[in-house]
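# Architecture at a glance
Okay, here's what each chain looks like letter by letter:
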Amino acid sequence: MSQMLALVFIVLILYIGDVVAARTKAWVPSIFVCAVLFLAGYWTFFPEDIVSVAGIPPVVATALMYLLIVNMGTLLSLQELKAQWKTILIAFAGILGVVVFLLSFGTLLFGFQAMVVAVPPLVGGLVSSLIMSEGAADAGLVSLSVFAIVIYVMQGFAGYPLTSVMLKKEGKRLLGQIRSGELKSVDDTGKETTKEYEGAKLFKKLPEQYHTSYFIFFRLAFTGFLAYFVSTLLEPLVTVSPMVLCLLFGVIGRSIGFLEKQALQKANGFGFAMMGLMLYVLDGLRNATPGMMLDIVYLLVGSILLAVIGMYIFSFIVGKLLKVSKAMAYAISLTAFYGFPADYVITNEVINSLTKDPKEREILTSHMLSPMLVGGFVTVTIVSVILAGVFVNFL
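Let us look at the structure shown here. These numbers come from a predicted model, not from an experiment.

### Points about the overall build of the protein
Counting its secondary structure elements, the protein contains 19 helices and zero strands. Its C-alpha radius of gyration of 21 Å places the protein within 12% of the 21 Å reference for a compact globule of 395 residues. C-alpha extents for the protein along the principal axes are approximately 65 × 55 × 50 Å. At a minimum sequence separation of 6, the contacts of the protein that also span at least 24 residues come to 81%. If you sum the accessible surface of the protein, you get close to 18000 Å²; carbon and sulfur atoms cover 67% of it.

As structure tokens, then:
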């Protein structure tokens, strides 16, 4: 398949996902539609490396991920980040629910080793899945080695629609409060927010002709490099994902005025970067063959079902204690099934489907996007890798 034909096919799938999400008002998230279509493509006529052939190999996707996550950090202030302690506790509760249900009920139904392999991928991303897959292979558990990858690939099919439903419920609840005057655009101290300067304050006096897209890309890339460099310095003492540090450094970069808010959008690069990263995520579906799916379908469905139930119960309890709505608490926990960029995509789709009013969208975004981003990073990027490092020793 030629490069341009491959690009036409995969971008068409992304567009179809957007159309379906718009037509269904985000009840069917675009990423869910894209995943189904990619799976159908891989099972029919797509070459396994269609994403790389189209021009987005893993090395490009990784570079885009650095830029995007730093950019996500510019959406959050230090004050907002500190205010997300409830989100972190709820995310931990959801993970605990998965661990408890799989190691108890799951062990009775499917065996201890299968559940040990299932837990880290279910609450995490690609890294934890690869750790468990390699660990299972080294232990001679070939089918469980495949299972570790497939469960990572397929868990989004449960997470995407459930998250969309929960966020729509939460969004409608918040919209009711907004329209009744109960909820306004306020910060966590209760004071009315003022329109803050969204540019890079350190370069406020720089002549306009020097504020080019390349200057923004340079600062985003430099911030991403700092995150990577610090993660390597910390490596002998503690393993910290550079992606987590990218988010933190993005927040700091905006706070000190080195980066502007939504820097990647201002550089006109956000759309392309999101396209590249979405394609990289969907590229993981190439490993899920029909035969592989049939061999482990019961184990796959059972594990995901138990995880969903455990996650709901534990997040509901902790959300109740912290006075966070049931829908929002569950949505935060569900980010463990997919993480970034799906948490960002689904949240924005839901907000855009609920209202056309820019002010209402701004308030909804301020209340819903930050918890979803922080929840995704806590579960997928941090906790799942730690769990994988511990659980792999039980194989």
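Next comes the rest of the description.
### Digging into the packing of aromatic side chains
A full pass over the atoms with the stated rule returns 15 aromatic pairs. Look at Phe218 and Phe222: their rings are 6.1 Å apart centre to centre, the planes differ by 25 degrees, and that puts the pair in the stacked class. Of this pair, Phe218 and Phe222 both sit in helix H11 (residues 213–234), four residues apart, roughly one helical turn. Given the relative accessible area of 36%, Phe222 is considered partly exposed.

### As for the environment of Tyr280
In this fold, Tyr280 is placed in helix H14 (residues 270–283). With relative accessibility at 24%, the residue Tyr280 sits in the partly exposed group. For the pair Tyr280 and Met1, spaced 279 residues apart in sequence, the C-alpha separation works out to 18 Å.

### Notes on the environment of Leu37
Its place among the elements puts Leu37 in helix H2 (residues 30–42). Each C-alpha atom of the pair Leu37 and Glu235 lies 39 Å from the other, and the pair is 198 residues apart in sequence. Dropping the residues within four chain positions of it, Leu37 is found in contact with Ile13 and Ile16.

The rules behind each value
- Along each chain, numbering runs from 1 in the same order as the chain's sequence is written.
- With pLDDT at 70 or above as the cut-off, local features in this predicted model cover only qualifying residues; side-chain atom pairs require 80 or more to be listed or tallied, and sums for whole chains, interfaces and linings still use all residues.
- Side-chain measures were taken over the full set of non-hydrogen atoms in the model, leaving aside hydrogen atoms and water.
- Only DSSP runs of H or I reaching four residues or more are called helices, and only runs of E reaching two or more are called strands; each is numbered from the N terminus.
- When we talk radius of gyration, it's over C-alpha atoms, and the globule rule is simply 2.2 Å times the number of residues to the 0.38.
- Any two residues whose heavy atoms approach within 4.5 Å are treated as being in contact.
- Every accessible area reported is derived by Shrake-Rupley at a probe size of 1.4 Å, with residue values counting cover from the shown protein chains alone.
- Pairing of aromatic side chains requires ring centres within 6.5 Å, counting the rings of Phe and Tyr and the six-membered ring of Trp. Pairs whose planes differ by under 30 degrees are stacked, by over 60 edge-to-face, and all others tilted.
- Summary of the burial criterion: residues with accessible area below 20% of their type's maximum are buried, those above 50% are exposed, and those between are partly exposed, where the area comes from a 1.4 Å probe applied to protein chains only.

Geometric descriptors of this kind do not, in isolation, establish any biological role.
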